[in-house]
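# Summary of the model geometry
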Amino acid sequence: MAKVHLYLVSYDDTKSPSHDLRIHWALLLAPPPTQEDPRSFARTSTRYHATRRGGYWAFERRAVECVRSPAMLARVRVGTLDAREVAEVDRILCAVPVDEGGEGRKENEFGEREWDCRVWVEDALRALGEAGILNVKRLGHLDDLFGFTQRFSEGVVRKGLNVGYGLPTTVEYPQART
């Protein structure tokens, strides 16, 4: 049976080179790397994320090529799904609310509560877990997953691997092994 990988994807959302790395988070459904062709412009992957537009957060589902954009730092595989599960995953992810005032808000450095793309991804991963599609407990604490991905992304930037196109720098999250 055909398989599809679920990735936590990090994008460089830093607006100025003088600032510390700021990451935009998304989920990506994509074929395994052995089935991807970086020379193809076929949109074989689907990106799910909350994006900020006009001062407001909005959900976006978009078909994308497997090749990385210059802003994509890395993708971390968090699960492998049967291709027959894709429609259900799509339904679940499209139903995850964008809730700027929700209880999942994080405290920023000023002690203020805020909502962002990371909160949406956390909610999406939990929703997939509640549906029995993804074993979120196996991933461990979600802060650990995001910390791992943050460190991996910083390494990509430090080593200068975030340039050009081609297949994204990909790693498997150690706790996601099946």
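The structure reproduced in this document is the subject of the present report. (Residues numbered from 1 in each chain as written. Predicted model: local features only at pLDDT ≥ 70, side-chain atom pairs only at ≥ 80, totals over all residues. Heavy atoms only, no water.)

Here we come to the overall build of the protein chain. Tallying secondary structure elements over the protein chain gives four helices and eight strands in all. Listing each helix as α and each strand as β along the protein chain from the N terminus yields β-β-β-β-β-α-β-β-α-α-α-β. Across the 178 residues that make up the protein chain, the buried fraction comes to 43%. When contacts within the protein chain are restricted to residue pairs at least 6 apart in sequence, long-range pairs at least 24 apart make up 63% of them. Within the structure as shown, the protein chain displays about 9,600 Å² of accessible surface, and the carbon and sulfur contribution to it stands at 49%. (Helix = DSSP H or I, 4+ residues; strand = E, 2+ residues; numbered from the N terminus. Buried < 20%, exposed > 50% of the residue type's maximum accessible area, 1.4 Å probe, protein only. Contact = heavy atoms within 4.5 Å. Areas by Shrake-Rupley, 256 points an atom, 1.4 Å probe, with all protein chains shown as cover.)

What follows is about the side chain of E122. Within the secondary structure, E122 is located in helix α2 (residues 117–130). A relative accessible area of 3% means that E122 is categorised as buried. One polar contact links E122 to R118, side chain to side chain, over a distance of 2.8 Å. (Polar contact = N/O pair within 3.5 Å; in protein donor to acceptor, adjacent residues only side chain to side chain.)

The subject of this paragraph is the nonpolar core. Counting residues in hydrophobic clusters, the biggest one holds 36 residues, and the most contacted among them are L27, W120 and L125. Breaking this core down by element, the ones donating at least two residues are β1 (3–12), β2 (23–30), β3 (45–53), β5 (72–82), α1 (86–95), α2 and α4 (142–158). Here this core gets eight residues from one element, more than from any other, and that element is α2. L125 has contacts with L6, L27, V78, L134, V136, L142 and L145, leaving out every residue within four places of it along the chain. (Core = buried A, V, L, I, M, F, W, Y, C linked by side-chain atoms within 4.5 Å.)

With that out of the way, let us pick up the pairing of β3. In terms of residue burial, β3 counts as a mostly covered element, since seven of its nine residues are buried. Judged from the three bridges that link them, β2 and β3 form a sheet pairing that is antiparallel. Within β3, the position partnered with L27 by the bridge is Y48. Bridge count between β3 and strand β4 (residues 56–64): nine bridges; the pairing is antiparallel. Note that in β4 the partner of R53 across the bridge is Y56. Count of turn residues in the β3/β4 antiparallel hairpin: two residues, of which G54 carries a positive phi of about 60°. (Pairing = 2+ DSSP bridges.)

Turning our eyes to something else, we now look at the packing of aromatic side chains. For the structure shown, the criterion picks out two aromatic pairs. Here W25 and F146 contribute two aromatic rings whose centre-to-centre distance is 4.8 Å and whose plane-to-plane angle is 80°, an arrangement assigned as edge-to-face. Residue W25 is located in strand β2, and its partner F146 is located in helix α4; the two are separated by 121 residues in the primary sequence. For the residue pair W25 and F146, the accessibility class agrees, reading buried in each case. Here F59 and W120 contribute two aromatic rings whose centre-to-centre distance is 5.5 Å and whose plane-to-plane angle is 40°, an arrangement assigned as tilted. Here the residue F59 occupies a position in strand β4, and W120 occupies one in helix α2, the gap between them amounting to 61 residues. For W120, a relative accessible area of 0% puts it in the buried group. (Phe/Tyr/Trp six-rings, centres within 6.5 Å; stacked < 30°, edge-to-face > 60°.)

Here we come to the packing of α1 against α2. The interhelical angle for the contact between α1 and α2, taken along N-to-C directions, is 135°, at an axis separation of 9 Å. Taken together, the axis directions place α1 and α2 in an arrangement best described as oblique. Crossing geometry of α1 relative to α2 is assigned as right-handed. Counted together, V89, I92 and L93 of α1 and W120, A124, A127 and L128 of α2 form the full contact between these two elements. The residue makeup of the contact of α1 with α2, split by class, is seven nonpolar, no polar and no charged. (Axes fitted to C-alpha atoms, helices over the stretch in contact; angles between N-to-C directions. Parallel < 35°, antiparallel > 145°, perpendicular 65-115°, else oblique. Left-handed = near helix turned anticlockwise from the far one by under 90°. Nonpolar A, V, L, I, M, F, W, Y, C, P; charged D, E, K, R; others polar.)

Okay, the pattern of salt bridges next. Evaluated as defined, the whole model comprises ten salt bridges. Residues R61 and D90 are paired through a salt bridge, measuring 2.4 Å at the closest nitrogen-oxygen approach. With R61 in strand β4 and D90 in helix α1, this residue pair connects regions lying 29 residues apart in the sequence. You can call R61 partly exposed: its relative accessible area is 44%. Where salt bridges share partners, they join K3, D82 and R84 into one cluster. (Salt bridge = Lys/Arg side-chain N within 4 Å of Asp/Glu carboxyl O.)

Keep in mind these values describe shape, not function.
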